[in-house]
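The lines below spell out each chain.
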Amino acid sequence: MSKPILKNLSDIRRYFLRNETPMYFISATNFNLLGISTWVKNFRYINYLDCFDGRHPSVFIPSELPHVEFESIEDINNYLLEHKDVVDYIANRANEGEKGKAIFLMFDQKTEQLCEALNLAVCFPSASLRSKLDNKIETVRIGDRAGVPSVPNLLSKIENYQHLQQLCIEEGLGDDLVLQTAFGDSGHTTYFISNREEYNKYAAEIECGEEIKVMKRINCRGSAIEACTTQKGTVVGPLMTELVGFKELTPYKGGWCGNEIYAGAFTDEIRTKARDYTFAFGEALRAEGYRGYFELDFLLDTDTGEVYLGELNPRVTGASSLTNHAAFAHADAPLFLFHLLEFCDVEFDFDVEALNARWAAEDNIDSWSQLVIKHTDETVALITEAPESGIYTMDEDGSVSFSYFDYRRRAVETDNEAFFLRISDSNDYEYEGADLGILITRGRLMTDDFALNDRAMAWIDGIRNSYKSIELSDAQVEVAHSPSSLTAGAFKIL
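Each chain carries its own residue numbering, running from 1 in the direction its sequence is written. The predicted origin of the model limits local features to residues at a pLDDT of at least 70 and limits the giving and counting of side-chain atom pairs to 80 or more, whereas totals for whole chains, interfaces and linings rest on all residues. Hydrogen atoms and water are omitted, and side-chain values are computed over all heavy atoms in the structure.

**Student:** Residues and numbers for the side chain of Thr 190, please.
**Tutor:** One can find Thr 190 in strand S9 (residues 190–193). Under the scheme applied here, a residue whose accessible area is under 20% of the maximum for its type counts as buried, over 50% as exposed, and between as partly exposed, the area being computed with a 1.4 Å probe on protein chains only. Exposure remark for Thr 190: the relative accessible area of 17% places this residue in the buried category. In protein, a polar contact means a hydrogen-donor-capable atom and an acceptor-capable atom, both N or O and within 3.5 Å, with residues adjacent in sequence counting only if both atoms are side-chain atoms; elsewhere, any N or O pair within 3.5 Å suffices. Of note is the side chain of Thr 190, whose polar atom sits 3.2 Å from the side chain of Gln 180. Discounting residues that sit within four places of it in the chain, Thr 190 has contacts with Val 178, Leu 179 and Gln 180. Helix numbers and strand numbers start at the N terminus; a helix is a DSSP run of H or I with at least 4 residues, a strand a run of E with at least 2. In this analysis, two residues are considered to be in contact whenever any of their non-hydrogen atoms come within 4.5 Å of each other.

Laid out in structure tokens, this is it:
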């Protein structure tokens, strides 16, 4: 039997609505691909954290088993794939003679081996290729080849502060610097250095024996854009703002803590340049053998108007929940469906240029925002009461209250409603950097000067006040283990 040929977006949507191949998003939570199960038949989430208290019809949570302390999201995924409940669940849904499909936020070579044993095909390029491309140093070099400029920088191993100063003099970068290690996320490995004292705080991390990205510090606004490189070309989503380093949301100075998507967020010139750069970078990724979903961070120099490449994430990301739910996605198809197409045994065709033109139009962009709310204090506390996931309402006085349970963020109809996805639950620990949850709402949460607006502050306060906890003494913290291993929120889960 010949393979079906999908000739347009209508064919693509129908193909996935009729899909019979079991597909799984396996991760700590289902946040990154919220709502995809409504577009793809037989799509399920296998998660470690029960954000919905067992009430999401497409989420499977295995029973808790003893395990070694998780140090990464890969550890969680490998634990899930070896769990008897998950093994049985996948086996019971399998189609004879056909491989199921597995999607991950993060995975490693062990994950790939476990999937092979479970007759699952990993719907992403190999872990080794993703790791290579995830390197911030490699991102700069790919961007250079693609004609996508980075902030003035140098790439070098750093021996000491004097060595750093000498390199910066040679490259004309000045004394006010931003340093990044090759790997790291949400501000954990971004260091702002302007003197020896600041350098000394991070000397052990900087003098790691590996190349470091050393950038001239600029006045900038963060932005993000998601895309998908396919055999027909690179599909590019809209440019969205980033919330970075707000102390009300994250303890990390350079830490990502949310996004906004809305028409008019950027000038036509900036939006066009960022989209063109993203398309070019996607084509360069294709030349590297990569295909599928990726995200680029861009830094917009507020002094010069220049658009610079920041980082590459070769995966779905925390911004994916906005990209895949915006008006243009519902009018055509979520960006993630084009990713899945690349890993399905089907021929397809669509006009990439026309699709990108539609997605660039402001009329196709509605306004949404999200906040990633972390515990920002240095204290450690045991959570005794946690808010449930669902729809919350803000009254005129700014007070926030739970309205009703729902697992669909599109259930938010007005600006005074929000969808909250709980991450930290009762009997989890609050500690510096722990993810409490994600709040998604219509409209903006920043001012035109890119500060948190009053509405954002009210939402943050309302959610924080919904958590009740008991602060632990130093002795109790020792008993409970170190803060770095207190809960799954200790590392990147988004």
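**Student:** Give a detailed account of the nonpolar core, specifying residues and quantitative values.
**Tutor:** Among buried residues, the Ala, Val, Leu, Ile, Met, Phe, Trp, Tyr and Cys ones that are joined through side-chain atoms within 4.5 Å form a nonpolar core. In this structure, Phe 43, Phe 298 and Phe 338 are the most contacted members of the largest nonpolar core, which totals 111 residues. What Phe 43 contacts, discounting residues up to four positions off in sequence, is Met 23, Phe 25, Leu 33, Ile 36, Ser 37, Ser 58, Ile 103 and Phe 336.

**Student:** I'd like to hear about the state of the cysteines, residue by residue, with values.
**Tutor:** Here, two cysteine sulfur atoms that lie within 2.5 Å of each other are counted as a disulfide. Applying the stated rule across the entire model yields zero disulfides. Not engaged in a disulfide, the cysteine Cys 51 finds its nearest cysteine sulfur in Cys 257; these two sulfurs lie 19 Å apart. Taking the relative accessible area as the measure of exposure, Cys 51 reaches 4% and is therefore buried. No disulfide involves Cys 220; its sulfur sits 14 Å from the nearest other cysteine sulfur, which is in Cys 257.

**Student:** Tell me about the sheet that holds strand S2 (residues 23–27), and name the residues and values.
**Tutor:** Here the rule is simple: two strands pair whenever DSSP picks up at least two bridges between them. In space, the five strands of this open sheet follow the order S4-S3-S2-S5-S6, with parallel pairing throughout. The sheet is open, and its two edges are formed by strand S4 (59–60) and strand S6 (120–122), each paired on a single side. In terms of strand pairing, strand S5 (residues 100–104) meets S6 through three bridges, oriented parallel. Residue pairing in the sheet places Lys 101 in a bridge with Ala 121 of S6. Relative to strand S3 (residues 43–47), helix H3 (residues 84–93) is tilted by about 170°, and along the sheet it contacts S2, S3, S4 and S6. Here, axes are lines fitted to C-alpha atoms. For helices the fit covers the stretch in contact, and angles between N-to-C directions go from 0 to 180 degrees.

**Student:** Which residues make up the packing of helix H2 (residues 73–82) against helix H4 (residues 109–117), and what are the values?
**Tutor:** Two numbers describe how H2 lies on H4: the axes approach to 9 Å, and their chain directions differ by 20°. Classified by the interaxial angle, the pair formed by H2 and H4 is roughly parallel. Handedness of the crossing formed by H2 with H4: left-handed. The residues of H4 that touch H2, namely those facing Asn 78, Leu 81 and Glu 82, are Lys 110, Thr 111, Leu 114 and Cys 115. Partitioned by chemical class, the residues of the contact of H2 with H4 number three nonpolar, two polar and two charged. Reported orientations rely on four angle classes, namely roughly parallel under 35 degrees, roughly antiparallel over 145, roughly perpendicular from 65 to 115, and oblique for the rest. In this scheme the crossing of two helices becomes right-handed for a clockwise turn of the near helix relative to the far one and left-handed for an anticlockwise turn of less than a right angle. Under this grouping Gly is polar, as are all residues other than the nonpolar Ala, Val, Leu, Ile, Met, Phe, Trp, Tyr, Cys and Pro and the charged Asp, Glu, Lys and Arg.

**Student:** Could you give an account of H4, naming the residues involved and the relevant values?
**Tutor:** When H4 is considered as a whole, its buried residues turn out to be Thr 111, Leu 114 and Cys 115. Along the axis of H4, the buried positions cluster into a sector of 100°, meaning they face one direction only. Along H4, the residues that are exposed and aim more than 90 degrees away from the buried face are Gln 109, Gln 113, Glu 116 and Ala 117. Buried positions along H4 lie against H2, S5 and S6. In the segment just after H4, Asn 119 is the residue with positive phi, at about 60°. Note: the arc covers the axis-to-C-beta directions of the helix.

**Student:** Before we move on, could you go through the pairing of strand S21 (residues 400–404) and cite the residues and values that matter?
**Tutor:** Bridge count for strand S20 (residues 390–394) against S21 is four bridges, and the pairing is antiparallel. Bridge pairing in S21 links Thr 393 to Ser 401. Hairpin connection of S20 to S21: five residues between the antiparallel strands, including Gly 398 at a positive phi of 90°.

**Student:** So what's going on with the pairing of S2? Residues and values would help.
**Tutor:** Across the five residues of S2, five count as buried, placing the element largely inside the fold. Side chains of S2 alternate between two faces, with Met 23, Phe 25 and Ser 27 and Tyr 24 and Ile 26 buried alike. In the sheet, S2 pairs with S3 via five bridges, with the strands oriented parallel. Across the sheet, Ser 27 pairs through a bridge with Asn 47, a residue of S3. As judged from the four bridges shared by S2 and S5, these two strands associate in the parallel manner. Of the residues in S5, the one forming a bridge with Ile 26 is Phe 104.

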